[in-house]
Amino acid sequence: MQGNGSPSKSPGQVHQQRPSRAAAKSRPAALHVLIVLLLLLGISALGGGAGLIIDPSGDALGMPVSLLAGSPFHDYLVPGVILFGLLGVCPMVVVFMLWFRPNWARMPRAGLHGAWYAAMVLGIALIVWILVQMTILRFFLQPILLALGVGIIGVGMLPAVRRHYGHGGPGSEASEG
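Conventions and cut-offs
Residues numbered from 1 in each chain as written. Predicted model: local features only at pLDDT ≥ 70, side-chain atom pairs only at ≥ 80, totals over all residues. Heavy atoms only, no water. Helix = DSSP H or I, 4+ residues; strand = E, 2+ residues; numbered from the N terminus. Buried < 20%, exposed > 50% of the residue type's maximum accessible area, 1.4 Å probe, protein only. Contact = heavy atoms within 4.5 Å. Axes fitted to C-alpha atoms, helices over the stretch in contact; angles between N-to-C directions. Parallel < 35°, antiparallel > 145°, perpendicular 65-115°, else oblique. Left-handed = near helix turned anticlockwise from the far one by under 90°. Core = buried A, V, L, I, M, F, W, Y, C linked by side-chain atoms within 4.5 Å. Phe/Tyr/Trp six-rings, centres within 6.5 Å; stacked < 30°, edge-to-face > 60°. Lys NZ or Arg CZ within 6 Å of the ring centre and 35° of its normal. Polar contact = N/O pair within 3.5 Å; in protein donor to acceptor, adjacent residues only side chain to side chain. Patch = residues over 30% accessible without salt bridge, like charges linked within 9 Å, V, L, I, M, F, W, Y side chains within 5 Å. Areas by Shrake-Rupley, 256 points an atom, 1.4 Å probe, with all protein chains shown as cover. Salt bridge = Lys/Arg side-chain N within 4 Å of Asp/Glu carboxyl O. pLDDT = per-residue confidence, 0-100. Nonpolar A, V, L, I, M, F, W, Y, C, P; charged D, E, K, R; others polar.

## Comments concerning the overall build of the protein chain
Line of reasoning, step 1. Secondary structure summary: the protein chain contains seven helices and zero strands in total.
Line of reasoning, step 2. Counting helices and strands in the order they occur from the N terminus, the protein chain gives α-α-α-α-α-α-α.
Line of reasoning, step 3. When burial is assessed residue by residue, the protein chain has 37% of its 177 residues classed as buried.
Line of reasoning, step 4. Looking at the protein chain alone, contacts between residues at least 24 apart form 66% of all its contacts between residues at least 6 apart.

In structure tokens:
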């Protein structure tokens, strides 16, 4: 035990469960926007994906199977699983990573925390998903979701967000010693 009542850690042992108060206070406003955008994506994709998995005919969501004509799918089960997993579950994991910046997601040689890279990959994945979807079917939410993907990348590229996840930001090795 250290003098302050907390357990002592060996020099090589760094295990941070929660961000420090300093790290929490230093989160840029743009990061909060990025998290909200990812939560919107995750929640909507979990709902849409679950709806397509539960009812692969698409009737419950007002999407007849006839919209899939010319696609490799005969119903919405596989697109629903992809939507639920890739664009539903993954953004929730990335939100956790962005907020808590776990040690296991650090990428010291890459220059930025893995959470930042994961958020950018999700933005790109959403854009690709929507562009491919637009070649197969037309859906009124596509322009909104395309804008959401661009927004995720745009906000993530802001200097304040990049600095927060780069070397020397709160929680990085450079600021811990």
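## Some thoughts on the packing of helix α4 (residues 114-136) against helix α5 (residues 142-156)
Line of reasoning, step 1. Relative orientation of the contacting elements α4 and α5 amounts to 160°, with a least axis distance of 9 Å. Comparing the axis directions of α4 and α5 gives the class roughly antiparallel. The two elements α4 and α5 cross, and the hand of that crossing is left-handed. Contact with α4, carried on its side by W116, A119, M120, G123, I124, L126, I127, I130, L131, Q133 and M134, involves Q142, L145, L146, L148, G149, V150, I152, I153 and G156 of α5 and no other residues of that element.

## A look at the nonpolar core
Line of reasoning, step 1. Counting 36 residues, the largest nonpolar core has L34, L38, L87 and L98 as the members making the most contacts within it.
Line of reasoning, step 2. Per-element accounting of this core gives the leading share, ten residues, to α4.

## Quick notes on the environment of V36
Line of reasoning, step 1. Tracing the sequence through the fold places V36 in helix α2 (residues 29-54).
Line of reasoning, step 2. It is 8.8 Å that separates the C-alpha atoms of V36 and V95, two residues lying 59 residues apart in sequence.

## Focus: the packing of aromatic side chains
Line of reasoning, step 1. One pass over the structure, following the stated rule, counts two aromatic pairs.
Line of reasoning, step 2. A centroid spacing of 4.9 Å and a plane angle of 40° characterise the contact between F96 and F100, whose relative ring orientation is tilted. Taken together, the residues F96 and F100, both in helix α3 (residues 77-100) and four residues apart, mark about one turn of the helix.
Line of reasoning, step 3. Each ring, one from W116 and one from Y117, has its centre 5.1 Å from the other, and the planes form 80°; the classification is edge-to-face.
Line of reasoning, step 4. The buried category is assigned to W116, whose relative accessible area is 6%.
Line of reasoning, step 5. Across from the ring centre of W99, 3.5 Å away, lies the NZ or CZ of R27, which sits over that ring.

## Some thoughts on the side chain of R101
Line of reasoning, step 1. With respect to the helices and strands, R101 occurs in the loop between α3 and α4.
Line of reasoning, step 2. For R101, a relative accessible area of 10% translates into the label buried.
Line of reasoning, step 3. Within the local environment of R101, its side chain forms a polar contact with the backbone oxygen of H164, the two atoms lying 2.2 Å apart.

## Digging into a nonpolar patch on the surface
Line of reasoning, step 1. A cluster of nonpolar side chains, contributed by I53, L77, V78, V81, I82 and L86, occupies part of the molecular surface with about 420 Å² of accessible area.
Line of reasoning, step 2. What makes V78 partly exposed here is its relative accessible area of 41%.

## Regarding the confidence of the model for the protein chain
Line of reasoning, step 1. For the protein chain, mean pLDDT is 84; residues scoring 70 or higher make up 80% of the total.
Line of reasoning, step 2. Ranking the helices and strands of the protein chain by mean pLDDT puts α2 first, with 97, and helix α7 (residues 173-176) last, with 41.
Line of reasoning, step 3. Contacts of residues 8-16 to residues separated by more than four positions or lying in other chains number ten contacts, the stretch itself having pLDDT below 50.
Line of reasoning, step 4. Segment residues 171-177 is flagged for pLDDT under 50; beyond a separation of four residues in sequence, or across chains, it makes 16 contacts in the model.

## Focus: the environment of P72
Line of reasoning, step 1. Mapped onto the fold, P72 is located in the loop between α2 and α3.
Line of reasoning, step 2. Residue P72 is classed as exposed on the basis of its relative accessible area, which comes to 72%.

## Section: the packing of α3 against α4
Line of reasoning, step 1. Viewed as axis vectors pointing N to C, α3 and α4 meet at an angle of 155°, and their least axial separation amounts to 9 Å. Of the possible angle classes, the one that applies to α3 and α4 is roughly antiparallel. Between α3 and α4 the crossing geometry is left-handed. Across from P79, I82, L83, L86, L87, C90, P91, V94, M97 and L98 in α3, the residues of α4 making contact are G114, A115, W116, A118, A119, L122, A125, L126 and W129.
Line of reasoning, step 2. Looking at the contact of α3 with α4, its residues break down into 18 nonpolar, one polar and no charged.

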